[in-house]
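# Structural overview for review
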Amino acid sequence: MGEQQFSATSLQGKFIVFDGPDGSGKSTQITRFVEWCRGQGLTVKEVREPGGTSIGEQIREVLLATKNVEMTLPCEMLLYMASRAQLMEQEVIPAIERGEIVVADRFISATLVYQGYAGGLPVHWIEQVGEVALQEKWPDLTIIFDVDGETASRRLNPLLDRMELKGQTFHKKVREGFLALAENEPEKYAVIDSTAPIDAVEEGVHALVQERFCSSFSSK
Ligand code: TMP
């Protein structure tokens with residue numbers, strides 16, 4: 001059976017986000033996708049949120065520390081955005097300008113869902129602060145790795161962080177929020193069933209990226 005090959009040039013300068021509920025398996029898929037891109041000769045900038053810079057990693061520690069139970073929702077949202085603002089200016093925007101493909105493990109989609117849809121902050125507040133952090137560089141595509149709650153909790157590290165400890169009702173809303181984002185803006189988002197075996201999910205990612213970005217491709 002022929003494996004479809006992407007035209008490397010059509011992915012240059014693209015900004016692709018992998019997001020989804022905790023335990024969705026997105027990080028495994030990022031590792032595979034980045035390896036695959038590099039195998040195609042692409043230069044990849046791989047980043048994660050919160051984090052991805054020295055300042056961002058310090059903010060990540062504050063955000064995820066289980067001792068920070070008193071953190072308010074606006075404070076939480078602003079810290080995620082602060083990490084993002086630093087990441088955009090220091091890593092993402094320069095990489096896009098160099099023509100690299102940027103692959104991010106989470107992005108503003110996560111804030112819209114965790115702090116907005118599930119947390120209860122007005123979405124327009126998040127979008128307004130997002131304008132400051134993103135400097136108009138919205139992702140070209142956000143892939144949502146969808147997973148049911150039971151499968152997700154089986155995949156999680158038993159040492160849960162502050163966000164993972166928020167409980168089942170919250171995480172059910174998180175899943176709904178991601179699906180709602182994708183439904184409302186199908187040109188910016190795509191959903192992949194992440195309960196499928198790892199190889200099948202990876203093939204789904206390749207098919208999706210090709211469909212969205214590659215006008216021409218060859219088969220081998
Ligand atoms: P991670 O487990 O994928 O590294 O993400 C860390 C946690 O932070 C995860 O539970 C999702 C959460 N999160 C938000 O609540 N808002 C955000 O904006 C981001 C980027 C992550």
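The text that follows walks through the structure, step by step, so that each part is easy to find. These numbers come from a predicted model, not from an experiment.

## Observations regarding the site of the ligand
The immediate surroundings of the ligand are formed by 13 residues, with D22, R60, R106, T111 and Q115 found nearest. A distance of 2.8 Å separates an oxygen atom of the ligand from a polar side-chain atom of D22. Contact distances for the ligand include 2.9 Å between an oxygen atom and a side-chain N or O atom of K26. Against a free-state accessible area of 480 Å², the protein chains account for coverage of 94% of the ligand. Its atoms largely coinciding with the cavity grid, the ligand occupies the largest pocket. Of all the secondary structure elements, the ones that give two or more residues to the shell around the ligand are α2 (54–64), α3 (73–97) and α4 (108–117).

## Digging into α3
An ideal rise of 1.5 Å per residue puts 36 Å on 25 residues; α3 measures up with 34 Å between its terminal C-alpha atoms. The largest bend in α3 is about 50°, located at M88.

## Focus: the sheet that holds strand β3 (residues 44–48)
In space, the 5 strands of this open sheet follow the order β3-β4-β2-β5-β6, with parallel pairing throughout. Edge positions in the open sheet fall to β3 and β6 (189–193), since each of these has one partner strand only. Averaged over all pairs of adjacent strands, the angle between strand axes in this sheet comes to 20°, irrespective of strand direction. As defined by bridge partners, strand β5 (residues 141–146) adjoins β6 across 5 bridges and the pair is classed as parallel. Paired with D146 across the two strands is D193, which belongs to β6. In this fold helix α1 (residues 26–39) packs onto β2 (15–19), β3, β4 (101–105) and β5, with an angle of close to 165° to the strand it touches most, β4. In the packing of helix α7 (residues 168–184) onto the sheet, contacts are made with β2, β5 and β6, and the angle to β6 comes to roughly 130°.

Reading guide: rules and limits
Residues numbered from 1 in each chain as written. Predicted model: local features only at pLDDT ≥ 70, side-chain atom pairs only at ≥ 80, totals over all residues. Heavy atoms only, no water. Near = heavy atom within 4 Å. Polar contact = N/O pair within 3.5 Å; in protein donor to acceptor, adjacent residues only side chain to side chain. Areas by Shrake-Rupley, 256 points an atom, 1.4 Å probe, with all protein chains shown as cover. 1 Å grid on protein atoms, 1.4 Å probe; cavity = no way out; pocket = protein on both sides within 12 Å on 5 of 7 lines; lining within 4 Å. Sits in = over half its atoms within 2 Å of the grid points. Helix = DSSP H or I, 4+ residues; strand = E, 2+ residues; numbered from the N terminus. Expected span 1.5 Å × (residues − 1). Bend = angle between axes of the 7 residues up to and from the residue. Pairing = 2+ DSSP bridges. Axes fitted to C-alpha atoms, helices over the stretch in contact; angles between N-to-C directions. Contact = heavy atoms within 4.5 Å.

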